[in-house]
Amino acid sequence: MTHDTDPLKRPRIRARPTPVRSTYRLQLRPDALTFADARAIAEYLQQLGISHLYLSPILTAAPGSTHGYDVTDPTTVSAALGGPLGFKALADEVRSRGMGLIVDLVPNHVGVADPRQNPWWWNVLRNGRESKFAHFFDIDWSPGNGAGGRLALPVLQSENDPAKLTVDRSGPEPMLALHDLRFPIAPDTDGDNALRIHDQQHYRLVSWKSGLCTYRRFFAISSLAALRQEDPEVFEITHRELAAWCDHDLIDGVRVDHPDGLSYPSAYLAKLRQLIGPHRLLLVEKILANREPLDPTLPVDGTTGYDALAGLGGVLIDPAGEQALTELSRRVAGHGSDRAWFGETEHRIKRAVAETILAPEIRRLVEAIKRDAGVPDSDTLSLTNATIEVLAFMPVYRVEYAPLAGMTGAIIAEVERRNAELTTPLSVLVAALGADGEAAVRFGQVCGAMTAKAVEDTMFYRAARLVSLQEVGGNPARFGHSLNEFHLANIDRAQRWPATMTTLSTHDTKRGEDVRARIGLLSQVAGTWSRAVDSWLGMTPAPDGSTALFLLQNMFGVWPADGRPASSVPGLRERLHLFAEKAVREAGTGSCWEDPDTEFETAVHAWIDAVIDGPVGAELSDLTHDLAPHAWSDSLAQKLLQLCGPGIPDLYQGCELWEDSLVDPDNRRPVDFSARTGMLQSLTGTPALDPSGAAKMWIVAYALWLRRERPDCFVGGTYQPLFANGEQARRLVAYTRGRVGEAAEVLVAATRHSVGLADLGWGDTTLELPQGTWTDRLTGHTFAGRTRLEKMFARLPVALLVRS
């Protein structure tokens with residue numbers, strides 16, 4: 001059957017896809033989780049109550065890729081995952097179970113680490129500006145680009161590398177060879193001398209330390225080259241597969257990776273919405289800044305949930321611990337990690353990022369500003385300084401969205417107030433932005449890259465007050481969220497974005513949900529923790545206080561809760577060492593990626609071993625064991641609040657049980673689904689809170705089953721906060737859900753700040769239930785009217801009540 005070549009004109013087979021009630025994120029990988037493997041666990045996920053499998057990118061990626069975001073051929077489904085037939089079989093399997101698929105789309109970039117794997121990139125390297133794919137990429141071919149008008153590839157490890165170039169004639173065409181890399185040779189430029197051949201190519205191999213890169217990248221990752229989705233041909237060819245999946249009814253929704261990197265994200269999303277139709281779910285990976293709203297003019301259903309994550313964890317933070325943890329950070333790390341420190345540090349790191357790893361992007365932006373402002377002779381140094389200063393003060397990823405109108409002007413005014421000498425170059429920047437051309441586009445793209453590299457990838461590894469707050473989309477300068485703030489955010493989400501995604505763990509989170517919950521618990525025992533850290537650093541001195549305070553919290557977050565020594569847990573020591581190496585290099589103070597300080601890193605590794613094997617490890621085990629019930633309480637609270645709250649909850653693979661993941665690639669480890677299947681089938685009664693995680697699975701399953709049973713109470717349903725009465729009223733988070741225009745049918749209640757209940761209990765604290773008889777699906781207990789919380793939470797620290 002043939003179709004019109006324009007995917008926007010292709011007929012849609014089904015007007016309304018299967019409604020999405022919940023999603024389960026699967027990190028597909030050729031060596032551990034293929035389409036066939038996903039089919040094998042579909043029955044388990046159906047039994048768990050999931051409505052849709054949410055797949056990581058499925059297009060052809062670099063060989064051996066464990067994440068799929070380095071797509072090398074956007075026109076084909078990955079053969080390593082099972083190819084188009086395997087994908088179709090998976091779609092048929094889940095559809096037969098009344099379920100569906102959500103796919104992860106990567107429009108911003110493709111993988112170019114090995115040019116041979118990417119036919120478009122190979123063709124551009126071979127043919128230069130004359131390549132039929134040259135316009136697919138955002139390349140600066142100008143004579144003044146720093147590479148003599150050639151395409152600069154920052155792949156050399158040292159300045160001596162060019163001397164190691166050879167010619168590989170083992171295949172059908174000669175190639176320049178450098179170690180295991182291969183590069184094409186342009187027609188009529190072959191010869192005997194590899195260096196002279198290199199000098200005749202359309203590309204120039206340069207050192208990754210040179211500050212040269214003449215193509216737009218994903219942030220500062222040179223192995224990911226950005227695509228020009230604003231070009232209709234690029235959009236059409238990179239979305240053919242997606243159009244076919246929609247045509248053949250294989251998917252029910254799309255998650256868009258990093259739309260802020262595109263030239264015109266709003267226009268792209270409008271075109272994407274037209275392609276997939278009005279009823280398929282469309283979610284964007286949008287990291288919203290503190291109090292930044294999602295643009296309501298975008299044709300999307302919401303974000304991927306980082307905004308919800310911040311609130312779900314934040315409402316469980318005890319504000320009473322702020323002072324003690326701030327003082328501990330100031331004493332041990334040399335700074336309080338408070339609001340003032342975060343503001344000053346963010347600005348300083350953003351400037352450093354702009355002047356180093358993003359220097360190629362800044363250089364290209366400044367040249368565009370000169371052109372668009374019509375002042376090619378403007379002083380480059382002062383214009384660069386003014387531009388970086390404005391970008392460094394930007395509090396959002398991209399500023400051109402409708403709700404942020406006026407922000408750029410306010411930032412520029414503040415920069416001018418602080419630096420009167422920048423008035424002239426700022427006027428050049430304003431003129432360029434007013435032209436609404438290339439400079440305005442690049443300004444937005446660079447802004448997001450600066451924020452990501454400076455905040456999530458650097459500052460969040462330097463701050464050490466309470467690291468559970470240092471999460472993608474989070475604002476660690478704010479020590480948690482109040483009950484009122486939490487409820488108002490949920491009310492807004494229920495009314496404005498009822499089908500947005502909510503999440504607690506993703507493939508990009510710095511720590512998994514249960515690790516964050518346990519670390520957040522430290523806000524309730526701040527004094528105990530402060531005294532312990534002082535004692536531990538006296539017992540086992542660390543090479544650096546800030547690094548030690550940061551790592552100790554993460555160790556506490558993953559330490560075994562069953563009393564076992566950490567040294568006996570398979571793989572934990574190695575995982576902690578790998579995490580520490582990444583953490584210190586990201587922080588960029590004691591070591592860094594560009595020039596690792598092996599002496600400092602060796603000292604950190606020795607300290608970690610001393611902690612694990614010495615008295616500090618023994619005391620960590622005791623503390624973790626003693627606080628485990630409270631950590632589990634917080635884990636269950638945030639999970640139930642997410643699962644029944646406004647939006648569509650996503651479960652990251654494996655997180656239906658306790659999980660101890662740290663940052664990637666640790667959080668992308670294969671999941672033991674057979675053990676989870678066995679546990680789900682074995683649950684016959686309310687489980688105890690224990691290290692098995694059975695209580696979490698129990699709550700996940702009952703909440704998901706309830707969403708399936710009463711869908712109108714959730715996506716599009718009502719949300720009403722409830723408040724307790726009595727001396728411990730602030731320790732309850734509760735709300736109801738129901739159908740619009742009808743009485744509430746579901747009541748969710750969760751314990752917060754449980755450590756304070758250990759001695760006195762709930763006392764006289766009660767909750768006035770709405771009219772009717774309410775049964776807790778988790779325990780089978782029945783309640784009505786004014787209910788004492790000590791009875792409601794007699795078995796579990798959470799309750800899921802349903803009106804009879």
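It should be emphasised that the depicted structure is a prediction, and the values quoted were computed from it without experimental measurement.

Colleague: Please explain the overall build of the protein as it appears in this structure.
Modeller: Broken down by element type, the protein carries 26 helices and 24 strands. Compactness check: the protein gives a C-alpha radius of gyration of 27 Å against a globular reference of 28 Å for 804 residues, within 12% of the reference. Counting only C-alpha atoms, the protein reaches 85 × 70 × 55 Å along its principal axes. Sorting the 804 residues of the protein into buried and exposed places 61% on the buried side. Considering only contacts in the protein between residues 6 or more positions apart, those separated by 24 or more positions represent 73%. Split by element, the accessible area of the protein, about 29700 Å² in all, is 52% carbon and sulfur. Of the charged side chains in the protein, 82 are positive and 100 negative, and the gap between their average positions amounts to 4 Å.

Colleague: How should I be thinking about the pairing of strand β10 (residues 181-184) in this particular structure?
Modeller: Every other side chain in a regular strand lies on the same face of the sheet, so the side chains alternate between the two faces. Of the two faces of β10, the one carrying Leu 181 and Phe 183 and the one carrying Arg 182 and Pro 184 are both buried. The sheet contact formed by strand β9 (residues 175-178) and β10 spans four bridges and is antiparallel. When the bridges of β10 are listed, Leu 178 appears paired with Leu 181.

Colleague: Sorry if this is basic, but what is going on with empty space enclosed by the protein here?
Modeller: Picture a little ball the size of a water molecule; that probe, rolled over the atoms, points out where space is still empty. Applying the stated criterion to the full structure yields three cavities of 30 Å³ or more. Here the largest cavity is characterised by a volume of approximately 210 Å³. Together, 19 residues line the largest cavity, and Arg 216, Arg 217, Glu 361, Gln 445 and Val 446 are the ones closest to its centre. Mapped by element, the contributors of at least two residues to the lining of the largest cavity are β12 (217-218), α11 (359-373) and α15 (438-462). Among the elements that line the lining of the largest cavity, the one with the most residues is α15, at five residues. The computed volume of the second largest cavity comes to approximately 130 Å³. For the second largest cavity, the lining is made up of 17 residues, of which Leu 59, Pro 74, Leu 105, Val 106 and Thr 238 are closest to its centre.

Colleague: Can you walk me through the layout of surface pockets in this structure?
Modeller: By volume, the second largest pocket amounts to about 1000 Å³. Every residue lining the second largest pocket is counted, 49 residues in all, and those nearest its centre are Asp 307, Ala 308, His 481, Ala 489 and Arg 493.

Colleague: Please explain the packing of aromatic side chains as it appears in this structure.
Modeller: In this description, a pair of aromatic rings is defined by centroid distance and the angle of the planes. Here the structure, examined in full by the defined rule, presents 22 aromatic pairs. Consider the rings of Phe 235 and Tyr 268, whose centres lie 5.8 Å apart with planes at 70 degrees: the pair is edge-to-face. On the criterion of sequence distance, the pair formed by Phe 235 in helix α5 (residues 232-238) and Tyr 268 in helix α7 (residues 265-276) is long-range, its members being 33 residues apart. The exposure class assigned to Tyr 268 is buried, which follows from its relative accessible area of 5%. What links up through ring pairs into an aromatic cluster is the set Tyr 24, Tyr 44 and Phe 673. Between Arg 25 and the ring centre of Tyr 54, over which it is positioned, the NZ or CZ distance is 4.7 Å.

Colleague: Before we go on, may I ask you to explain the packing of helix α13 (residues 407-418) against helix α14 (residues 423-434) in this structure?
Modeller: Two numbers describe a pair of packed helices, the interaxial angle and the distance between the axes. Packing of α13 against α14 leaves a shortest axis separation of 10 Å and a crossing angle of 170 degrees. On the basis of their axis angle, the class for α13 and α14 is roughly antiparallel. Across the interface between the two elements, Thr 408, Ile 412, Val 415 and Glu 416 of α13 pack against Thr 423, Leu 426, Leu 429, Val 430 and Leu 433 of α14.

Colleague: Mind showing me how you'd approach the packing of α14 against α15 here?
Modeller: Contact pair α14 / α15: the axes reach a minimum separation of 6 Å and the direction vectors enclose 105 degrees. Considering their axes alone, α14 and α15 lie roughly perpendicular with respect to each other. Contact with α14, carried on its side by Leu 429, Ala 432 and Leu 433, involves Ala 439, Ala 440 and Phe 443 of α15 and no other residues of that element. Partitioned by chemical class, the residues of the contact of α14 with α15 number six nonpolar, no polar and no charged.

Colleague: Please clarify how helix α3 (residues 119-127) should be interpreted in this entry.
Modeller: Helical geometry note: an α-helix holds 3.6 residues per turn, so side chains three or four residues apart project in the same direction. For α3, every residue scored as buried is listed here: Trp 120, Trp 121, Trp 122, Val 124 and Leu 125. A distance of 3.1 Å separates the backbone nitrogen of Trp 120 from a side-chain oxygen at the start of α3, and that oxygen is part of Asn 118. One or two steps after α3, the chain reaches Gly 128, where phi turns positive at roughly 65 degrees.

Colleague: Can you walk me through the pattern of salt bridges in this structure?
Modeller: When the charged atoms of two side chains with opposite charge come close together, those side chains can pair. This model, assessed by the stated rule, comprises 62 salt bridges. For Asp 249, the salt bridge goes to Arg 95, with nearest N and O atoms at 3.5 Å. In this pair, Asp 249 is assigned in the loop between α6 (240-247) and β14 (253-256) and Arg 95 in helix α2 (residues 83-96), connecting sequence segments 154 residues apart. With a relative accessible area of 23%, Arg 95 lands in the partly exposed category. Here Arg 669 and Asp 660 are joined by a salt bridge, their closest N and O atoms 3.2 Å apart. Where salt bridges share partners, they join Asp 138, Arg 216, Arg 364, Arg 371, Glu 438 and Arg 442 into one cluster.

Colleague: Just checking my understanding: could you explain the UniProt feature "domain: Glycosyl hydrolase family 13 catalytic" (unreviewed entry) in the protein for this structure?
Modeller: Following the UniProt record, the feature "domain: Glycosyl hydrolase family 13 catalytic" (unreviewed entry) maps to residues 27-387 here. For residues 27-387, the helix share is 36%, the strand share is 17%, and the end-to-end C-alpha distance is 39 Å.

Colleague: Just to check I follow, could you spell out the pairing of strand β7 (residues 151-156) for this structure?
Modeller: Most of β7 sits inside the fold, with five of its six residues counted as buried. Of the pairings in the sheet, the one linking β7 to strand β11 (residues 203-207) comprises five bridges and is parallel in character. From the neighbouring strand, Ala 152 faces β11, where its bridge partner is Arg 204.

Colleague: Looking at this model, I keep getting lost on the sheet that holds β10. Mind explaining?
Modeller: Pairing between the strands of a sheet is mediated by backbone hydrogen bonds and can be parallel or antiparallel. In spatial order, the strands read β8-β9-β10; together these three strands make up an open sheet with antiparallel pairing. One side of each edge strand has no neighbouring strand; the edge strands of this open sheet are β8 (166-168) and β10. For this sheet, the mean angle separating the axes of adjacent strands, direction not counted, is 40 degrees. Relative to β9, β8 runs antiparallel, the two sharing three bridges. The residue bridging Asp 168 from the neighbouring strand is Met 175, located in β9. On top of the sheet, α3 reaches β9 and β10; it is set at about 55 degrees to β10, its chief contact.

Colleague: What exactly am I supposed to notice about the environment of Ala 413 here?
Modeller: Mapped onto the elements of the fold, Ala 413 is located in helix α13. Linking Ala 413 and Ala 477, residues 64 residues apart in sequence, is a C-alpha distance of 24 Å.

Colleague: Would you take a moment to explain the nonpolar core for this structure?
Modeller: In summary, soluble globular proteins display a tendency toward joint burial of nonpolar side chains. Residues Leu 26, Leu 48, Leu 53, Phe 87, Leu 242 and Trp 245 are the most contacted members of the largest nonpolar core, which totals 98 residues. A total of 10 residues in this core trace back to one element, the largest contributor, which is helix α24 (residues 694-709). Among the nonpolar cores identified, the runner-up in size contains 54 residues, and Ala 532, Val 584, Ile 608 and Val 663 belong to it.

Colleague: What should I look at first to understand unusual backbone geometry in this one?
Modeller: Peptide bonds are trans in most cases, and residues, glycine excluded, mostly fall at negative phi. The amide bond that connects Asp 664 to the next residue, Pro 665, takes the cis arrangement and shows omega of 5 degrees. Topologically, Pro 665 is positioned in the loop between β18 (648-652) and α23 (673-682). The phi dihedral of Asp 188 falls on the positive side, at around 70 degrees, and the residue is not glycine. Tracing the backbone through its elements, the reader meets Asp 188 in the loop between β10 and α4 (194-198). When its relative accessible area of 79% is taken as the criterion, Asp 188 is described as exposed. At Asp 249, a residue that is not glycine, the phi angle is positive and equals roughly 60 degrees.

Colleague: What is the right way to read the state of the cysteines from this model?
Modeller: A covalent bond between the sulfur atoms of two cysteines is referred to as a disulfide. Applying the stated criterion across every chain, the model contains zero disulfides. Cys 713 takes part in no disulfide bond, and the closest cysteine sulfur to it belongs to Cys 644, at a distance of 10 Å. With relative accessibility at 0%, the residue Cys 713 sits in the buried group.

Rules used throughout
- Residues numbered from 1 in each chain as written.
- Predicted model: local features only at pLDDT ≥ 70, side-chain atom pairs only at ≥ 80, totals over all residues.
- Heavy atoms only, no water.
- Helix = DSSP H or I, 4+ residues; strand = E, 2+ residues; numbered from the N terminus.
- Rg over C-alpha atoms; globule rule 2.2 N^0.38 Å.
- Buried < 20%, exposed > 50% of the residue type's maximum accessible area, 1.4 Å probe, protein only.
- Contact = heavy atoms within 4.5 Å.
- Areas by Shrake-Rupley, 256 points an atom, 1.4 Å probe, with all protein chains shown as cover.
- Lys, Arg positive; Asp, Glu negative; His and termini not counted.
- Charge placed at Lys NZ, Arg CZ, Asp CG, Glu CD.
- Pairing = 2+ DSSP bridges.
- 1 Å grid on protein atoms, 1.4 Å probe; cavity = no way out; pocket = protein on both sides within 12 Å on 5 of 7 lines; lining within 4 Å.
- Points joined across faces, edges and corners; volume = space filled by probe spheres on them.
- Phe/Tyr/Trp six-rings, centres within 6.5 Å; stacked < 30°, edge-to-face > 60°.
- Lys NZ or Arg CZ within 6 Å of the ring centre and 35° of its normal.
- Axes fitted to C-alpha atoms, helices over the stretch in contact; angles between N-to-C directions.
- Parallel < 35°, antiparallel > 145°, perpendicular 65-115°, else oblique.
- Nonpolar A, V, L, I, M, F, W, Y, C, P; charged D, E, K, R; others polar.
- Polar contact = N/O pair within 3.5 Å; in protein donor to acceptor, adjacent residues only side chain to side chain.
- Salt bridge = Lys/Arg side-chain N within 4 Å of Asp/Glu carboxyl O.
- UniProt positions renumbered as here; feature names shortened; annotations may be inferred.
- Core = buried A, V, L, I, M, F, W, Y, C linked by side-chain atoms within 4.5 Å.
- Disulfide = S-S within 2.5 Å.

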